[in-house]
Amino acid sequence: MRRVRRPVIVLPVLAVVLSLAAGHASADTSYDLEFQPPPAHFIDLPDSAPQIPAAITAQRLDWKPCTEASLVAAANGNPAAGVRAPLLDGLDCATVRTPLDWTQPEAGPVATFEISRLAARKPTSRQLLTSPGGPGAGSLLNPIEWATAFPELRETYDLLGFDPRGTRLSSTDQDCDATISGDPLLLGTGRNDRTDVLDFSAESVRLQLGQARDWVRSCVDRTPDASTAGTITYWQTVRDLDLVRTLLGAPTWSYLGASQGTLLGLELARTFPDRVDRMVLDSVADPAVSTTAGYAERFLRQQKVIEQQFAPWLAARGTIFGDSPGAVLAALTRLRADLTAHPIPLPLDRTFSGNDLNTLFFGVDNSPYAVLERKLLTLRTAIDSPSATTQLNAATTFRMTPLLDELAQDVLLASSRIGWWTARNCNIGPWSHNLDEVVDTARQLAASAPLTYLGMGFAAVCAFWPEPHTDTGSVGYDRIGSAVLLANERDPVTPISGARAVRSTIPKARLVTVVGKPGHLVLPQTKPKSLPGSVPGTSSCARAVTVDYLVYGRIPDRDTPCQPD
């Protein structure tokens, strides 16, 4: 494979940030020399579909009830799979053997991963591959979640789910020590008060870079076979999935994916355009925007939302935070400083620090402003009037509820996917291994977004990543047959600019916009057994367009605005 760097669109805002980083670390401090990260390697991957080895295509899918397969996995050392087993009732599962590395499919090493099927109510040859998004972009449970929210789909399709390569039930399981960092972008579960991410003193930077280095070391040490880490990419995964289509004997299939799953769906459809019939992508991530550029843009955009929308709203509420936008911003800055100096103790060796406040602000549009207001009042009261009651309120709000959600997510996915998340993100993109450059860019971002910047995150971690980096291909989107793209107009996680950019590359795509709606995800998804994480959906109009397209093949004549419910 040739060493090459593909062109990646970097958002204009990040280009501005990078231009500000005129110098590196101070003359007497070179973090590059001090930490000596591995040299960066970039490889180019072919867009063509490889020949599948005969021994792989000859396999038969041995379908069994997923509950049975999960109990076997539990007996083999994955208790989370056993806990998840009752949730999989009604699904059939099978193990798929696939080449470990599709760049050398004949080389011999084989990997395995799991797929699930929720059969249609009557025999059908039509298959609908589903992805819920989130870490892994796949789940055995997903067919149940979509079928519960869209019972019409089972009149037409068998619904398929998957636990992809790199996740716990696969032979390429990736693992990292999540307690090393509290960085929410890494999905870290450790303390987040060891240093202030806005502090760029040499001592603080060394601590942050040391955490990033130790995070990568833990991934290498804890992953059962660290040599598989470089294969955790969507480039590999879509070839695994097309193998599934071949084994099912389906000439074509359709795809329904959300959020992170839209990137997977686009990679699948551009690689195998004649094999994907209908495709619905909910809350579209732009594949031409790198991870580092996407996070930088979100830091700056959310800072602007705090300044221009939330602060004026809170000023009109008559709270202790002030009666003008300027007074509110000053009060929020003081609150952050107080939390940095004196983090609020929480159960199980955790605290709520100034860094955690930035995480709240980063998700400002994920819920109604009144929810954020209540959380801010809880924090201010816990600081100003410490008592058993205020501490309990803080513990319930900021520790116990998130912890229960985290545990429920681990059950739904049969274990944490933090290792997958690290490997996939670091394998993809033009990551710099120049730590001085990483620190300088981070310093400028922090100065521009002091209430929403979350830390160096993947920029630092991936500078220590030992595997080669690759980029998503940029050709083939114009060959995709058709697609329905869904977007909330004010989505803070996958901004509508991503859907519009993808719309411009797929001639027969249609964009459905939920007008004026904040929040992430348009379509409903229903978790089984009333577990947390269900998505209510934002527009019955968008839901109707989705059903009309997937079930009946009718696509709107033009881009369609939908009103929110």
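Relevant structure appears above.
Here, residues in each chain are numbered from 1, in the same order as that chain's written sequence. This being a predicted model, a pLDDT of at least 70 is required before a residue's local features are given, and a value of 80 or more before pairs of side-chain atoms are given or counted; all residues contribute to the totals for chains, interfaces and linings. As a rule here, side-chain values come from all non-hydrogen atoms in the structure, and water together with hydrogens is ignored.

**Describing the packing of aromatic side chains**
(1) Moving on: Each pair of aromatic rings taken from Phe, Tyr and Trp, with Trp reduced to its six-membered ring, is defined by centres within 6.5 Å and is described as stacked if the planes are under 30 degrees apart, edge-to-face if over 60, and tilted in the remaining cases. Taken as a whole, this structure holds twelve aromatic pairs when the rule is applied.
(2) Moving on: Seen in terms of ring centroids, phenylalanine 200 and tyrosine 453 are 6.5 Å apart; in terms of plane orientation they differ by 40°. Their pairing is tilted. In this pair, phenylalanine 200 sits in the loop between β5 (158–163) and α7 (202–222) while tyrosine 453 sits in the loop between α16 (435–448) and α17 (457–461), placing the two residues 253 residues apart along the sequence. Taken individually, phenylalanine 200 and tyrosine 453 each receive the classification buried, so the pair is uniform in this respect. Per the convention used, a helix needs a DSSP run of H or I reaching at least four residues, while a strand needs a run of E reaching at least two, with both numbered from the N terminus. When accessible area is computed with a 1.4 Å probe and restricted to protein chains, residues below 20% of their type maximum are described as buried, those above 50% as exposed, and intermediate ones as partly exposed.

**Describing helix α8 (residues 234–248)**
(1) Moving on: One less than the residue count of a helix, multiplied by 1.5 Å, gives the span that helix is expected to have. The terminal C-alpha atoms of α8, which comprises 15 residues, lie 21 Å apart, in line with the 21 Å expected from a rise of 1.5 Å per residue.
(2) Moving on: Counting buried residues along α8, 13 of its 15 residues qualify, which places the element largely inside the surrounding structure.
(3) Moving on: Glycine 249 sits one or two positions beyond α8 and adopts a positive phi of about 70°.

**Brief notes about the sheet that holds strand β4 (residues 127–131)**
(1) Moving on: In this analysis, strands are considered paired if DSSP registers two or more bridges between them. Ordered in space as β1-β2-β3-β5-β4-β6-β7-β10-β11-β12, the ten strands form an open sheet in which the pairing is mixed. At either margin of the open sheet sits one strand with a lone partner, and together these are β1 (64–65) and β12 (560–562).
(2) Moving on: Relative to strand β11 (residues 509–518), strand β10 (residues 483–490) runs parallel, the two being bridged by seven bridges. Looking across to β11, one finds that leucine 486 is bridged to valine 512.
(3) Moving on: Any two residues whose heavy atoms approach within 4.5 Å are treated as being in contact. Axis lines are fitted through C-alpha atoms, for helices just across the contact stretch, and the angle between N-to-C directions can take any value from 0 to 180 degrees. Contacting β4, β5, β6 (253–258) and β7 (276–282), helix α9 (residues 260–271) crosses the sheet at an angle of about 150° to β6.

**Examining the environment of serine 218**
(1) Moving on: Relative to the assigned elements, serine 218 resides in helix α7.
(2) Moving on: Among the residues examined, serine 218 registers a relative accessible area of 8% and is labelled buried.

**Considering empty space enclosed by the protein**
(1) Moving on: Definitions used for this entry: grid spacing 1 Å over protein atoms alone; cavity, a set of points where a 1.4 Å probe fits but cannot get out; pocket, an open set with protein on both sides within 12 Å along at least 5 of 7 lines; lining residue, one with an atom within 4 Å of a point. Grid points are joined across faces, edges and corners, and a volume is the space filled by probe spheres set on the points. Under the criterion given, the structure shown has one cavity of 30 Å³ or more.
(2) Moving on: As a volume, the largest cavity reaches approximately 220 Å³.
(3) Moving on: Taken together, 21 residues form the lining of the largest cavity, with Ser181, Asp183, Val197, Gln208 and Gln211 sitting closest to its centre.
(4) Moving on: Elements supplying a minimum of two residues to the lining of the largest cavity: α7 and α17.
(5) Moving on: A per-element tally of the lining of the largest cavity places α7 first, with four residues.
(6) Moving on: For the lining of the largest cavity, a count of residues per class yields eight nonpolar, nine polar and four charged. Under the convention adopted here, Pro, Cys and the residues Ala, Val, Leu, Ile, Met, Phe, Trp and Tyr are nonpolar, Asp, Glu, Lys and Arg are charged, and Gly plus all remaining residues are polar.

**A word on the state of the cysteines**
(1) Moving on: Note on terminology: pairs of cysteine sulfur atoms within 2.5 Å are recorded as disulfides. Here the structure, examined in full by the defined rule, presents four disulfides.
(2) Moving on: One disulfide bridge connects cysteine 176 with cysteine 219, the sulfur atoms lying 2.0 Å from each other. Disulfide cysteine 176-cysteine 219: torsion about the S-S bond near 110°, hence right-handed. Residue cysteine 176 is located in the loop between β5 and α7, and its partner cysteine 219 is located in helix α7; the two are separated by 43 residues in the primary sequence.
(3) Moving on: Judged by relative accessible area, cysteine 176 falls into the buried class, the value being 4%.
(4) Moving on: A sulfur-sulfur separation of 2.1 Å characterises the disulfide bridge that pairs cysteine 426 with cysteine 462. Negative torsions about the S-S bond denote left-handed disulfides, and the value of about -85° found for cysteine 426 with cysteine 462 makes this one left-handed.

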